[in-house]
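Coordinate inspection notes
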Amino acid sequence: MRHRNPIKQLPLTLPILLAAAYLIAVIPMLASMIYAEITLQQLTGATQAVLREGIATSEIGVALRSAITDLERAILQYRALKAKKLMPVINTRWSQINASISQLQNLQWNKALRRQENMLQRQFDDAQKIWKSNNKPAFPVHGTKLIDTLVSLGNVTDSIVWSSRQQVSNQVSELKRTTDRARLQIILSAVCLLPLGALLTWGVLKSVTSPLRQLVHAIAVLRSGNYVGRIAIGYPAEFRRVGQHLEWLRRRLLRLEADKDRFLRHVSHELKTPLASLRGGTELLGDGGLGELGSSQMEVVQIMDEASRELETLIENLLTYAEWRAKRHFDPEEWFNTRALAEEVLAKHRLLMVKKNLNLQIHLEATQLFGRRNQLRVVLDNLLTNAIKHAPVGSD
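The rules behind the values
Residues numbered from 1 in each chain as written. Predicted model: local features only at pLDDT ≥ 70, side-chain atom pairs only at ≥ 80, totals over all residues. Heavy atoms only, no water. Helix = DSSP H or I, 4+ residues; strand = E, 2+ residues; numbered from the N terminus. Buried < 20%, exposed > 50% of the residue type's maximum accessible area, 1.4 Å probe, protein only. Contact = heavy atoms within 4.5 Å. Areas by Shrake-Rupley, 256 points an atom, 1.4 Å probe, with all protein chains shown as cover. Expected span 1.5 Å × (residues − 1). Arc of directions from axis to C-beta. Core = buried A, V, L, I, M, F, W, Y, C linked by side-chain atoms within 4.5 Å. Salt bridge = Lys/Arg side-chain N within 4 Å of Asp/Glu carboxyl O. Phe/Tyr/Trp six-rings, centres within 6.5 Å; stacked < 30°, edge-to-face > 60°. Axes fitted to C-alpha atoms, helices over the stretch in contact; angles between N-to-C directions. Parallel < 35°, antiparallel > 145°, perpendicular 65-115°, else oblique. Left-handed = near helix turned anticlockwise from the far one by under 90°. Lys, Arg positive; Asp, Glu negative; His and termini not counted. pLDDT = per-residue confidence, 0-100. Patch = residues over 30% accessible without salt bridge, like charges linked within 9 Å, V, L, I, M, F, W, Y side chains within 5 Å.

So, the overall build of the chain
Across its full length, the chain carries nine helices and two strands. Taken from N to C terminus, the helices and strands of the chain fall in the order α-α-α-α-α-α-β-α-α-β-α. The proportion of buried residues among the 396 residues of the chain is 29%. Long-range contacts, defined here as pairs at least 24 residues apart, represent 77% of the contacts in the chain between residues at least 6 apart. Of the roughly 26000 Å² of accessible surface on the chain, a fraction of 61% belongs to carbon and sulfur atoms.

Rendered as structure tokens:
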């Protein structure tokens, strides 16, 4: 089963990465703002509806209660005075009460208020039936019953007004609870956006700083002269291109280093061949193999012998340097015995020391050292070579 590279699923360039992070941060924030706006509009609409219903109920209730009181007063006057001129007033009050009840029926009520409204409608119908029989002889009895019905109608009206106010109060309390819930949800959304923003910030910084650290490390490695490790930065594209240029530079420097090492080894070996012939001829002349030499000739031979030995030392140092360059990245630091190292370097120059009658004393304060043994050996060899070269014959 083939696995998809997760880097390929990410934005390939830094601008796209920043744009994607911006969108991921803005979209939840925008959604939260839209939700807050919708919730605010709903709460505003519900509040306005409750206020309108409360005001309308109060106004209709006051008008209905006033019409019932005026009707009751007019009927009592009509009953006492039998004045026909009161009939238009009474009919007007009946019409006002009927209109107010019709307005109450158009309001959005709960079941309890709807039952009270139905009771109000039935008592109103009963009152009208009684009123329509007012031209009968039994009107005084019916009139008393009518007054009682109107009084009950007023009481029901007062109950409806009180219940409607209680309903408005309950709706206001429910709106307050809804507002608190919406506020809590908005706060929770804002709180959730904080870690999201922090996570996005961390992700963007990680995507930028991680390849930057890789670049800094690669440059530091190149500066130290280590050209072995491959430089590869996969993401984002801008840093990948910089990594490709650094990788080209690394390969170029590695080839140059290899050419330099080959040149050093080749030159050193090429110099050793004529030097061996020169040393052999010098030793042959010095030993008298080609006949006895005069004092001036022997002096020249000694000068040539010392120069050839010095050249041999330089060539060996050059070979040692080439060897060290080839192994410098693989020469580990370790603990080693200092006396064994000193004896090794001394054994290499013992013949020259005997020839010049030099006496060497070794005093070591530390028997163990931690570091690169081969590099320290080269340093000690050079120091001892210079000391033997410039030391007077027979000195300590």
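Examining helix 9 (residues 373–390)
Its 18 residues give helix 9 an end-to-end C-alpha distance of 26 Å, which sits within 8% of 26 Å, the value for a rise of 1.5 Å per residue. Those residues of helix 9 lying buried are Asp381, Leu384, Thr385 and Ile388. All buried residues of helix 9 lie within an arc of 105 degrees about the axis, which places them on one face of the element. Exposed and facing more than 90 degrees away from the buried side of helix 9 are Leu383 and His390.

Let's talk about the nonpolar core
Counting residues in hydrophobic clusters, the biggest one holds 28 residues, and the most contacted among them are Ile75, Ile90, Trp94, Ile97, Leu120, Leu146 and Leu150. Sorting the residues of this core by element identifies helix 1 (14–81), helix 2 (87–105), helix 3 (111–132) and helix 4 (139–223) as the ones contributing at least two each. The leading source of residues in this core is helix 1, at eight residues. Residues Leu222, Tyr227, Ile231 and Leu246 belong to the second largest nonpolar core, which totals eight residues.

Quick notes on the pattern of salt bridges
For the structure shown, the criterion picks out ten salt bridges. Residue Lys176 pairs with Asp180 through a salt bridge whose shortest N-O separation is 3.4 Å. Here Asp180 and Lys176 lie together in helix 4, a separation of four residues that amounts to about one turn. According to the relative accessible area criterion, Asp180 is partly exposed, its value standing at 32%. Of the charged contacts, one joins Arg250 and Glu247 as a salt bridge, the two residues approaching to 2.6 Å between their closest N and O atoms. Remark: Glu247 and Arg250 occur in helix 5 (residues 237–286); sequence separation between them is three residues, near one turn of the helix. Relative accessible area serves as the criterion here: at 6%, Glu247 is assigned to the buried category. Here the salt bridges share partners, and the residues they tie into one network are Asp70, Arg73 and Arg93.

Let's talk about the packing of aromatic side chains
Applying the stated criterion to the full structure yields two aromatic pairs. On the numbers, 5.4 Å between centres and 55 degrees between planes, the contact of Trp335 with Phe370 is tilted. Of this pair, Trp335 sits in strand 1 (residues 334–337) while Phe370 sits in strand 2 (residues 368–371), and the two are 35 residues apart along the sequence. Judged by relative accessible area, Trp335 falls into the exposed class, the value being 58%.

Some remarks on the packing of helix 7 (residues 338–348) against helix 9
Between helix 7 and helix 9, the least distance of the axes is 10 Å, while the angle of their chain directions is 45 degrees. Taken together, helix 7 and helix 9 sit at an angle that is classed as oblique. Seen along the crossing, helix 7 lies across helix 9 with a hand that is right-handed. Between helix 7 and helix 9, the residues in contact are Ala340, Leu341, Glu344, Val345, Leu346 and Lys348 and Arg373, Leu376, Arg377, Leu380, Asp381 and Leu384, respectively.

Concerning the side chain of Glu72
Assignment of secondary structure puts Glu72 in helix 1. For the buried Glu72, no salt bridge is present, and the opposite-charge side chain at shortest range is Arg65, 5.5 Å distant. Other than its neighbours up to four places away in sequence, Glu72 contacts Ile147, Leu150 and Val151.

What to know about the environment of Glu238
Assignment of secondary structure puts Glu238 in helix 5. Separated by 223 residues in sequence, Glu238 and Pro15 have C-alpha atoms that sit 9.8 Å apart.

Observations concerning the confidence of the model for the chain
For the chain, the average pLDDT comes to 77, and 90% of its residues sit at 70 or higher. The element-level mean pLDDT for the chain is lowest in helix 6 (residues 295–327), coming to 75, with strand 1 highest at 86. Contacts from residues 1–9, a stretch scored under 50 in pLDDT, to residues over four places away or in other chains number three contacts. Considering only residues more than four positions removed or in separate chains, one finds that residues 136–141, a stretch of pLDDT under 50, has five contacts.

Considerations on a nonpolar patch on the surface
On the surface, Tyr22, Leu23 and Ile27 cluster together into a nonpolar patch covering about 350 Å² of accessible area. By the element assignment, Tyr22 lies in helix 1.

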